[in-house]
Amino acid sequence: MEGFYVVFDRESKLVGFAKSTCGSWDSTVLEPHVTGPHFYSGDISKCSSSNGNDVNMAMLIGVYALGSVFLLFLLLPAISWLLQAYQRHVSRRHADESTLLPPIQQRR
């Protein structure tokens, strides 16, 4: 369809082509042309895939499965890192409390 404007008339079930005004910079490129008309008297519903919904559902399941695996590999290290940070924080707090000196008594 390069070199043409393409118009789809859904009401009349027609496709129209017109030569594009965008010229090619390369002089070796052939001039665009259309042959026809070519008519199709068959059932146009056979031109598309009949199992398109099945393919879309399989792709959707695949995307969710791969997304779940990817998310799992991202969440596990993040949760592990957070737990380690929390344990370090708790151990520092206990270490600080155990090294406190007894309060100094005031002189009378």
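Structure shown above.
Note that this is a predicted model, so its numbers are computed, not measured.

Conventions we followed
Residues numbered from 1 in each chain as written. Predicted model: local features only at pLDDT ≥ 70, side-chain atom pairs only at ≥ 80, totals over all residues. Heavy atoms only, no water. Helix = DSSP H or I, 4+ residues; strand = E, 2+ residues; numbered from the N terminus. Contact = heavy atoms within 4.5 Å. Areas by Shrake-Rupley, 256 points an atom, 1.4 Å probe, with all protein chains shown as cover.

Draft legend 1. Looking closely at the overall build of the protein. In terms of regular secondary structure, the protein is built from one helix and two strands. Along the protein, from the amino end to the carboxyl end, the secondary structure elements read β-β-α. Here the contacts in the protein between residues at least 6 apart in sequence split such that 16% fall between residues at least 24 apart. Here the protein displays about 11100 Å² of accessible surface, and carbon together with sulfur accounts for 63% of that area.

Draft legend 2. Broad picture of the environment of S20. Considering the arrangement of structural elements, one finds S20 in the loop between β2 (14-19) and α1 (52-98). Distance from S20 to E2, taken between C-alpha atoms, is 8.5 Å for residues 18 residues apart in sequence. Ignoring sequence-local partners within four residues, the contact set of S20 consists of G3, F4 and Y5.

Draft legend 3. Summary view of unusual backbone geometry. Positive phi is not limited to glycine here, since K13 has a value of about 55°. Here K13 lies in the loop between β1 (4-9) and β2.

Remember that the coordinates give geometry; whether it matters functionally is a separate question.
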